[in-house]
Each structure stands twice: as structure tokens, then as C-alpha cells.
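Overview (structure and organization)
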Amino acid sequence: QSALTQPPSASGSPGQSVTISCTGTSSDVGGYNYVSWYQHHPGKAPKLMIYEVSKRPSGVPDRFSGSKSGNTASLTVSGLQAEDEADYYCSSYAGNNNYVFGTGTKVTVL
Amino acid sequence: QVQLQQSSPGLVKPSQTLSLTCAISGDSVSSNSAAWNWIRQSPSRGLEWLGRTYYRSKWYNDYAVSVKSRITINPDTSKNQFSLQLNSVTPEDTAVYYCARMFHYYMDVWGKGTTVTVSS
């Protein structure tokens, strides 16, 4: 099972928006609405930000939103804040009780 | 509030067995709605899902193809925890290992991670 493809880095100034893509195949991202996104500050536990493509867990700001088109899912962070600087990973159910993660994107707030 | 507390083995020699435990508080390893997972992160492989154990009237396990021949994940109901054993380790298994609770198809609670180095 190959990792989902994410851009290595993304950046934006405070208040701006940044969108991260997550590209898979019809066997994972394109085949199921089970894409999730995780925020990871190094040294800390990853945090769930989006699940089932576009749903936000309680406590996650509505600045975070998710979507999917075909085999590509996206995470958009609007109104960037300093604390949004982190690594972001997508994940997808890949069938046959298997899961795959993305390669990760480092978001920098300029 | 669900919390996961990981053990910390640190250094493992090549060809030996890596063993980790994840203690659960605020939930049960025997939950009928959760699954208990191991994930690892390394610079070369990024985040990699390794496998899970879960109870749905009986115990089930699912493992990633990449480690299926070497991995065992077991629940321990007496201690409300679950464990990871990875056999025949090589330096490629050096990583930060995380345990996580899976609800439906996403991981909603994670442990803080344990760094494991495979070296002689």
C-alpha cells in the first residue's frame, strides 16, 4: 500500500488561507469517504482535525475545513494563526481493513 | 477523558523483539465501538499504520501487509491495555511508535509516542 501524496510544505501569512492536498487512488481516497486529517506538533501527540472528509470534531476551530474531489482530498486552514504552524497528515481507509497515511505537509506561518 | 499511556523501551538490538504497551484510561480495551491501534513515524517512511485489535463479540486483529509476518497486537483485559510485539527488528524499524484509539475510521485519541531505536 503506497502512502498518499502530500506537498512537503505550505506557507501563508497570518490571516491568510492555506490548502493542503492529499492524493491517493480509487482504492483509498477515491473509494471511500473516510479521509481524516491530523495536526502534529513535534514531540506531542497527533490531533484529529477532520474526519470523514469534512467533519470537525468538537473543539476544532471552524477555520479548518476538508473536502474531496475524485482521488484527491484537501484540508484548508483559513485565517492562519501562529499556533497552526505544524505538520499535517491525511489518512484514508484503503479497504480490506487497511489504512494509509499521507507523506505529511509542514505548514509554516510566515 | 480518554488517555493513552505508552511504555518506553528505548533501545532494541537488531534481530530481537520490540515490545510496547499502551495503557488505557477513560475507556475499555473491550469496547464494542473502538479499535486499538499502533502507528509509527520515521523520517524515511512518514506515518505508517501498523495494525489494530478490537472486540466485537470476539477479538479481531488487522495488520499492515508490510509487517504482517512479524507483528502481534494483543489486548490485556486484566490491565486494560494492549501491546505491540514486532519480531526480527532491523534499523529500518527505528521510529517513534504511537498507540491510538480508532473510532469508526479515524483515530481520535493518540498516545504521546515512544522513540524506539534499533541498534547494536
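Right above here is the structure, for reference.
Below you will find a few notes about this structure. (Residues numbered from 1 in each chain as written. Chains lettered and ligands numbered in written order. Predicted model: local features only at pLDDT ≥ 70, side-chain atom pairs only at ≥ 80, totals over all residues. Heavy atoms only, no water.)

Some remarks on the pattern of salt bridges
- By the definition in use, this model includes ten salt bridges over all chains.
- The shortest N-O distance in the salt bridge between E52 of chain A and K55 of chain A comes to 2.7 Å.
- Overall, K55 of chain A belongs to the partly exposed group, its relative accessible area being 40%.
- Residues E48 of chain B and R40 of chain B are paired through a salt bridge, measuring 2.8 Å at the closest nitrogen-oxygen approach. You'll find E48 of chain B and R40 of chain B in the same group, each marked buried. (Salt bridge = Lys/Arg side-chain N within 4 Å of Asp/Glu carboxyl O. Buried < 20%, exposed > 50% of the residue type's maximum accessible area, 1.4 Å probe, protein only.)

Some points on the sheet that holds strand β3 (residues 18-25) of chain B
All names here are of chain B.
- Read from one edge of the open sheet, four strands run β1-β3-β8-β7, paired in antiparallel fashion. Every other strand in the sheet has two partners, leaving β1 (3-6) and β7 (71-76) as the edge strands with one partner each. Ignoring strand direction, the axes of neighbouring strands in this sheet form an average angle of 20 degrees.
- Relative to strand β8 (residues 81-86), β7 is paired through six bridges, and the arrangement is antiparallel. Bridging from a neighbouring strand, I73 pairs with L84 of β8. (Pairing = 2+ DSSP bridges. Helix = DSSP H or I, 4+ residues; strand = E, 2+ residues; numbered from the N terminus. Axes fitted to C-alpha atoms, helices over the stretch in contact; angles between N-to-C directions.)

Considerations on the sheet that holds strand β2 (residues 18-23) of chain A
Residue and element names in this part refer to chain A.
- The sheet built from three strands is open, its strands ordered β2-β6-β5 with antiparallel pairing. Each edge of the open sheet is held by one strand with a lone partner, namely β2 and β5 (64-69). Taken over all neighbouring pairs, the strand axes of this sheet differ in orientation by 20 degrees on average, direction set aside.
- With six bridges connecting them, β2 and strand β6 (residues 72-77) associate as antiparallel partners. When the bridges of β6 are listed, I20 appears paired with L75.

Observations regarding the interface of chain A and chain B
- Of the residues lining the interface, 16 residues belong to chain A; the matching set on chain B comes to 19 residues.
- Here chain A meets chain B over a buried area of about 1,700 Å², counting both sides, of which 64% is carbon and sulfur.
- Counting the contacts that link chain A with chain B gives zero salt bridges.
- There are five residue pairs in polar contact (both at pLDDT 80 or more) connecting chain A and chain B.
- Listed by contribution, the elements that provide at least two residues to the side of chain A that touches chain B are β3 (35-40), β7 (86-93) and β8 (99-101) of chain A.
- The biggest single contributor to the side of chain A that touches chain B is β3 of chain A, with three residues. (Contact = heavy atoms within 4.5 Å. Buried area = accessible area lost by both parts, 1.4 Å probe. Polar contact = N/O pair within 3.5 Å; in protein donor to acceptor, adjacent residues only side chain to side chain.)

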